[in-house]
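Read off the chains here:
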Amino acid sequence: MSEPHDAPGNALPHRRALPGDEGLWYFIFADLTLFALLFGSFCHRRALDTGAFEANRAQLYPLFATINTLLLLTSSYCMVMAVRARAIGNRRRAAAATAAAAALGVAFMISKVIEYAREIAAGHLPTSSDFFTYYYVITGIHLMHLAGGVVVLAVIAMKLAAPAAAVREPTLLESGASFWHMVDLLWLVIFPLLYLLR
Amino acid sequence: MSSARSPVARARQHAPTVLWLVLMAATGVSLVSSESDRLSAGSASMLIMLLAYGKARLLLLYFMRVCDAPAAWRVMFEAWLLAITGMIVVYALAG
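Residues numbered from 1 in each chain as written. Chains lettered and ligands numbered in written order. Predicted model: local features only at pLDDT ≥ 70, side-chain atom pairs only at ≥ 80, totals over all residues. Heavy atoms only, no water.

Taking 1.5 Å per residue, 31 residues should reach 45 Å; helix α4 (residues 91–121) of chain A reaches 45 Å between its end C-alpha atoms and fits that length. Immediately downstream of α4 of chain A, the backbone of G123 of chain A shows phi near 90°, a positive value. (Helix = DSSP H or I, 4+ residues; strand = E, 2+ residues; numbered from the N terminus. Expected span 1.5 Å × (residues − 1).)

The next thing to look at is the packing of aromatic side chains. Residue and element names in this part refer to chain A. Per the counting criterion, the structure on display carries 23 aromatic pairs over all chains. Taking the centre distance of 5.5 Å and the plane angle of 85° together, the rings of F42 and Y134 count as edge-to-face. You can see F42 sitting in helix α1 (residues 22–48) and its partner Y134 sitting in helix α5 (residues 130–161), a full 92 residues away along the chain. For Y134, a relative accessible area of 15% translates into the label buried. Among the aromatic side chains, those forming a connected cluster through ring pairs are F42, F53, F108, Y116, F131, F132, Y134, Y135, Y136, W187, F191 and Y195. One cation-aromatic arrangement involves R118 over Y61; the distance from NZ or CZ to the ring centre is 4.4 Å. (Phe/Tyr/Trp six-rings, centres within 6.5 Å; stacked < 30°, edge-to-face > 60°. Buried < 20%, exposed > 50% of the residue type's maximum accessible area, 1.4 Å probe, protein only. Lys NZ or Arg CZ within 6 Å of the ring centre and 35° of its normal.)

All names here are of chain A. One way to put it is that helix α3 (residues 62–87) packs onto helix α6 (residues 171–196) with a least axis distance of 10 Å and a crossing angle of 160°. Taken together, the axes of α3 and α6 are roughly antiparallel relative to one another. For the element pair α3 and α6, the recorded crossing hand is left-handed. Taken together, the residues that form the contact of α3 with α6 break down as 17 nonpolar, six polar and three charged. (Axes fitted to C-alpha atoms, helices over the stretch in contact; angles between N-to-C directions. Parallel < 35°, antiparallel > 145°, perpendicular 65-115°, else oblique. Left-handed = near helix turned anticlockwise from the far one by under 90°. Nonpolar A, V, L, I, M, F, W, Y, C, P; charged D, E, K, R; others polar.)

Further remarks concern the interface of chain B and chain A. Frequently, the measure chosen for interface size is the accessible area that the parts lose on association. Contact residues are listed per partner, giving 46 residues for chain B and 54 residues for chain A. Counting each side, the surface lost to burial between chain B and chain A is near 4400 Å², with a carbon and sulfur contribution of 73%. On the chain B side of the interface with chain A, the three residues burying the most area are M64, W73 and W80 of chain B, jointly 16% of the side's total. Applying the counting rule to chain B against chain A returns zero salt bridges. Going through the elements one at a time, α1 (7–35), α2 (41–63) and α3 (71–94) of chain B are the ones with two or more residues in the side of chain B that touches chain A. Considering every element that reaches the side of chain B that touches chain A, the biggest residue donor is α1 of chain B, with 14 residues. The class makeup of the residues in the side of chain B that touches chain A is 30 nonpolar, eleven polar and five charged. (Contact = heavy atoms within 4.5 Å. Buried area = accessible area lost by both parts, 1.4 Å probe. Salt bridge = Lys/Arg side-chain N within 4 Å of Asp/Glu carboxyl O.)

Next comes the structure, spelled out in structure tokens:
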């Protein structure tokens, strides 16, 4: 299921398959469904008290969230390049791209911690209002996924960089990339939902 | 002729970079739309969610490679995204 079908100029016959381990995709879809419930709950609660939610939203820092979006998009791009590099046998480039993706994930985490610190300093605690409860829960669960993803990517980068061919087949790398893209995908919904919608 | 030199192969090679730049630019447009006084709250919300849907779909299909998935998987993921963004738009416009 892990043919290097996206290698530039690759003429292998095209086969319909998901990249990486198929079991992971069941987890990814289940995770997306859980987040969908959270998003639905947020929307419903917001509709009951739009004024208060909008007043709280206006106190967030959209610039932080925008920078974080750019970091995650760039990180996802790095993982696409890592999978491509691995597919054409360039393990060193794949390791470097995976490490870059993990580093951008760490940058996201640092930015998020600074954002949380500023919110707390401004008196916006998880118990301050319904909006801030959702804000901390949704971004917090997302941050835990991201932290897990950073660890996975760091391990994959080290395996790829090892002189002995520790990663002989691409399933591990493709699985890590798929999970990482899911973290990015969730953020692409969280970003407008919490920070931008007026 | 080497396939690596064909226009199709070259386009495929650069596609992720172009896609990445499009996603980055769309993120900037989303921020500007949110803060613009020229747009009503409803118009801004529609535009922001339209951009979010487009970005998420591009990422889903071409970075996560759901475009290569068996049809059932693709339908599930596309339905998830459409349901989520549709729900957010409906609630935003109703609110």
